[in-house]
Amino acid sequence: MRGKEDKILADIDWALVGLYLLLVIMGISNIYSSVYDPMKPDLFDLSTEHGKQIMWVGIALFLGVIVMIIDGSLIRKLSFWVYGVLMLLLVAVLFTEPINGARSWFGWGSFGVQPSELAKLGACLALSAHLSNIPITKNKLAPSISISYLVQLVSSNWKTIAILGIPCVLVLLQPDAGTFIVFTSFILVLYREGYAGNILLFLLVAVIIAVITLIVADSSFIFLKIKMSGKFGIVLALLIMGLVFYLLIRQFVLKRNRPPLYRAMIGSLIVSILFVNFVEWGYSTFLDDHQKERIDLLLGKIEDPDGKGYNINRAKAAIGSGGFAGKGYQQATLANASQKHVPMQSTDFIFCTWSEERGFLGSAFLVILYSILLIKIVSVAERQRSRYTRIFAYCVAGIFFYHFMINVGMGIGLAPVIGIPLPLFSYGGSSVLTFSLLLFILIKLDSERKVVLQ
Amino acid sequence: MKNIDNRKYIIALIFILIPLIFVIRLFFMQVVDDKWKERAAQISENKVITYPARGIVYDRNKIKLISNEVYYDIRVIPNQMSEDMDSFAFAKLIDISIEDYERQMNKARDYSYRKSSEMVKQIPPDEFADIAPELYKYPGFYEVERTLRIYPNPIAAHVLGYMSEVDSTNIKADPYYKSGDLIGKSGIEKSYEKVLRGKKGVKYYLQDAIGVETDRYENGKYDTLAEQGSSITLTIDAELQKYGERLMQNKRGSVVVLEPSSGEILTMISSPTYDPNLLVGRRLGQNYGELMKDTTLPLQNRSANSTYPPGSTFKLLMALIALQEGVITEEASFPCTKSLVGCHNHPTARGVSDGVKMSCNPYFYYLTRKIIQQGKHKSHFVDAAEGLDIWAKYLKSFGLGVDLKTDFPAIRYGFVPNTNFYDNEFPSKSNPYGKYGWAYSTIYSNSIGQGEVLVSPLEMANIAAIMANRGHFYYPHFIKEIEGQDIPDIYTIKQKTMVEPENFEPVIDGMWRVVHEPGGTARRARVDSLNICGKTGTAENFKIINGKREQLVDHSIFIAFAPKDDPKIAVSVYIENSGFGGTWAAPIASLLIEKYLTGAIADTNKENRILEADLMPIKVVPKKK
Ligand SMILES: [Zn+2]
């Protein structure tokens, strides 16, 4: 009879492990290239970023081995504990000295840990534990979005909302808008777990309204010879839309079917108007000036090829100048540490160095690699009998996907400039540890797929 | 349930779709669109600025006043230095302290190991001659040539001005300047900065990943050559300027010489002066500091930036205004009533010419009263208020206290008091005389050039030119020619005063008699056959010394033009603290006139007396007991 360990080893998804190692090694080689200093050529020099990254990967692999050894059920049992401890860390970090205007680091010398990165792991575990414990209810697909529907949604799901809401609020207090945005990736999980598709539809509409609000909020226009603010304009547009719907309903809908539609219509109108005000308030209250500028740049409200948009322009120039086959290893002229034409080229803008040196061949390869990883995680998720593991897998997929989408999208000008790392690729201990543990736990849980029933 | 399981396909679709969009976008950015490659080249190219030589400045006879000389900056590339280099010996070689050496070295290393940084700059060629043969022993260090100003004739320091590094306001005001550039800070260097500076050149290099220049960008397609600044010719007569500066040695004061027929400034001297070569190169800061500390104020341009009371020279204008206003005739006689204003002993002045010749204070007291109190109103106060504004208007037409459009920076205008001034600002803004609160009896000192009126030596030279021209002038200016450009039209437009030419004759006659007749106040200015016309003045001089108001020795003033009937030169001379105008200022003016008109000095005794005079110490009048 084979030992338990052998069995687990045999059921480990080596393809996932291979993808992990490939990304990590590509990442280290890329960091080495981007920060290369001829005075410190040693790959393992701990005073360099590549040296530190190797150290962090080593630590991550060590933790990975521990994860492989312990029992999967222990992970499930400890889920809320891990979550609780990480939330306490998120609270504790608010009492540290701010670095660059945010209280997000616990530092020891030149090493530091960002609890907000690890909090993602905690949220994954807690959400998986919570959702897997409630029976699958056939969520009624509400006919439309209305206030009563929202109230019901909140009251029946308050635990889910709390699990995600607490870290969201805590990271906003740091403030760390990037991590906050990543937390919205859990919508993907909720979607997969049968929560009404209407939520997504609702969110899509919300995003559109929010974007329009931000674009026009602080501009003004003349309507009927009266000067009014952009915000009022949106409200006016919403009211006109409501009127049009009202007329359409009166024209085309049978009388007995009208009341619920009216209710839905008035409900959405009120929610929309409140939301417009909330977005504007949040924009002016929570975001600091450079974040506002980033959003304004992305929305095209300000255009400034070498001023405020400096970073993103140089990032695009670095990527674009890579050409088809790239400039070659250590040949990036823009995205490298000694020139500093592109900022944060080993963390937030790491994709620039890669794309400049490897060209379209390399950048497309990396993008496809992430796509393969994501699809792979989805396929792993779908083969689980354990709901816990499936939910956890989707959490991992969502987080990887968001980081990938925003980081790469930012470099090529398709996403706002939000400084978050490229998973397993960017320099940074906390992020390497978090993404590694997410994958390792997934691999561990997956390896027990034949053992675990629920 | 099945419905919900289908959602995995939607999620998978998103995971494929978004990366696909990214790949397409990347393909356009990296393969299709060349825009980003151009942007990258612009960002990573290294722009090397080549500096143009500045325009040469000549005097009116094409003698070089300002030229350029190659200076040397020493730069360092830290990673090319040898490890066993003797820092102490090197610091000694380039003549800096070991602390300065270390500081520069640290700055260089902080900036880049591979790129060059400045070590010392602006080493003059004679000092570099000692360094050059040793420099090869110190790998990593090399020299860069740079042109700086040199003054072959070390004269006219205040006129020519000096250059120093731009400050943040200069950079903000004009994007041409980058930190470390030089800019004209005063004098001609400042007023003709844009003409003289030329055009910078640019060379573009490409850099590799570690910042080493690899190639010319696009084979130098976008490179431009530096263009030397245009040279300019000044109206200054270097010979006369040099001679004047010799005469003004050991004296404090100013000399301005104009050509009346054109307004060209032949000479502008402020004494004590300094060697303009002191304010060039790496000793600029130190030398400037020392000149700043000097209590005789060698950096101050007394000719253009100082004002003095005009003293008795002002009487010329009083006479002209009175004649033009018709309040007197040229035969007008006033008694020398010493109880009103002090005077010296002289025969009674029987006419304007006599009054000017004898410089009788009471004469001009009465004469000016006729201008101010014309008797048009019953009230003396209303009468004076109207009269003073007429008077002030005349003086402004003589260029006093107004912009003379001189092509020179930071010119200080004189001051002509008017009715508004006495109504609202004098004796103090908080407690002025008030409207109709004053009459001629309050302000009469102005009639003899003492009260509140102030003039600059440049303005007084212009007055001398107006006398020479019998009523008109041209704006005094320094520029004669600009290479490839015309000089401004304003300098060729005749500026008319409010006094008709015929009214000048009795006054000029008086000026001639000042110099030539017994009893004239400036007989020391007489040079046979030159027909110099002049007027002396003494400006009272107070200074607060140790908190007490001390009467200092008066400033000696003399303005003159010559020859009387075809004037070629107009002069104003101010000698601080030297007493009566006829004693020092008049002979200095006459020597300058003689030198300019004849090229030599006949009376060497007169010349030697001036050259030997030392009037530097500030003298305090002994207190009368
Ligand atoms: Zn008298």
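Residues numbered from 1 in each chain as written. Chains lettered and ligands numbered in written order. Predicted model: local features only at pLDDT ≥ 70, side-chain atom pairs only at ≥ 80, totals over all residues. Heavy atoms only, no water.

1. Quick look at the packing of aromatic side chains
All names here are of chain B. Filter applied, for reference: Only rings of Phe, Tyr and Trp enter the pairing, Trp through its six-membered ring, and a pair is recorded when the two centres are within 6.5 Å. The plane angle decides the type: under 30 degrees is stacked, over 60 is edge-to-face, the rest tilted. Going along the chain from the N terminus, every DSSP run of H or I of four or more residues is numbered as a helix, and every run of E of two or more is numbered as a strand. Each residue is placed in one exposure class: buried if its accessible area under a 1.4 Å probe, protein chains only, is under 20% of its type's maximum, exposed if it is over 50%, and partly exposed if it falls in between.
Summed over the entire model, instances satisfying the criterion amount to 34 aromatic pairs over all chains. Measuring from centroid to centroid gives 6.2 Å for Phe314 and Trp391, while their planes differ by 80°, and the two rings are edge-to-face. Of this pair, Phe314 sits in the loop between helix 13 (302-305) and helix 14 (315-325) while Trp391 sits in helix 17 (residues 380-397); the two residues are 77 residues apart in sequence, bridging distant segments of the chain. Trp391 shares its class with Phe314; the two are buried. A centroid spacing of 5.1 Å and a plane angle of 75° characterise the contact between Phe334 and Tyr363, whose relative ring orientation is edge-to-face. With Phe334 in the loop between helix 14 and helix 15 (352-358) and Tyr363 in helix 16 (residues 361-372), this pair connects stretches of sequence that are 29 residues apart. Phe334 gets classed as buried once you look at its relative accessible area, which sits at 10%. Residue Tyr363 is classed as buried on the basis of its relative accessible area, which comes to 0%.

2. Some points on the confidence of the model for chain A
Caution applies to low-pLDDT parts of the model: their predicted coordinates are not meant to be read in detail. Residues and elements named next belong to chain A. Quick note on the threshold: On a range of 0 to 100, pLDDT expresses the predictor's confidence in each residue. Two residues form a contact once any of their heavy atoms are found within 4.5 Å.
On average, chain A scores 78 in pLDDT, and the residues at 70 or more come to 75%. Averaged over each element, pLDDT in chain A is lowest for strand 3 (residues 220-223) (54) and highest for helix 15 (residues 350-382) (92). Between residues 140-144, whose pLDDT stays under 50, and residues either more than four places distant or in other chains, the model counts 5 contacts. Under a pLDDT of 50 for its full length, residues 303-308 has, in the predicted model, 9 contacts with residues more than four places off or in other chains.

3. A short note on the environment of Leu172 of chain A
Residues and elements named next belong to chain A. In this fold, Leu172 is placed in helix 7 (residues 158-173). For Leu172, a relative accessible area of 25% translates into the label partly exposed. Once the C-alpha coordinates of Leu172 and Ala102 are considered, the two residues, 70 residues apart in sequence, prove to be 9.8 Å apart.

4. A word on the coordination of the zinc ion
Residue and element names in this part refer to chain B. Going by this rule: We call an atom a donor if it is N, O or S and sits within 2.8 Å of the metal, or 3.2 Å for Na, K and Ca. Water is not counted, so some sites may look partial. Working rule for geometry: tetrahedral if four donors all subtend angles between 85 and 135 degrees; square planar for four, octahedral for six, if opposite donors exceed 155 degrees and the others stay between 65 and 115; irregular in every other situation.
Coordination of the zinc ion by the protein is provided by Cys336 (SG), Cys343 (SG), His346 (NE2) and Cys360 (SG), with metal-donor distances spanning 1.9 to 2.3 Å. For the zinc ion, the 4 donor atoms in the first shell make angles of 103 to 121° at the metal, so the coordination geometry reads as tetrahedral. In terms of primary sequence, the donors binding the zinc ion are separated according to C-x6-C-x2-H-x13-C. Of this pair, Cys343 sits in the loop between helix 14 and helix 15 while Cys360 sits in the loop between helix 15 and helix 16; the two residues are 17 residues apart in sequence, bridging distant segments of the chain. Residue classification places Cys360 among the buried positions, given a relative accessible area of 1%.

5. Side note on the pattern of salt bridges
In a structure, side chains of opposite charge can pair up when their charged atoms sit close to one another. To keep things clear, this is the line we draw: Any Lys or Arg side-chain nitrogen located within 4 Å of an Asp or Glu carboxyl oxygen qualifies as a salt bridge.
Overall, the coordinates contain 33 salt bridges over all chains when judged by the stated rule. Among the ionic pairs, Arg54 of chain B bridges to Glu189 of chain B, the shortest N-O distance being 2.9 Å. Note that Arg54 of chain B is positioned in the loop between strand 1 (46-50) and strand 2 (57-58) and Glu189 of chain B in helix 9 (residues 187-191), a separation of 135 residues in sequence. Accessibility classification places Arg54 of chain B together with Glu189 of chain B in one group, the buried group. The partner of Glu189 of chain B in a salt bridge is Arg149 of chain B, and the shortest N-O contact between them spans 2.8 Å. Of this pair, Glu189 of chain B sits in helix 9 while Arg149 of chain B sits in strand 5 (residues 141-150), placing them 40 residues apart in sequence. You can call Glu189 of chain B buried: its relative accessible area is 0%. The class of Arg149 of chain B is buried, set by a relative accessible area of 4%. Each of Asp13, Lys376, Arg383, Asp446 and Arg449 of chain A takes part in one network of salt bridges that share partners.

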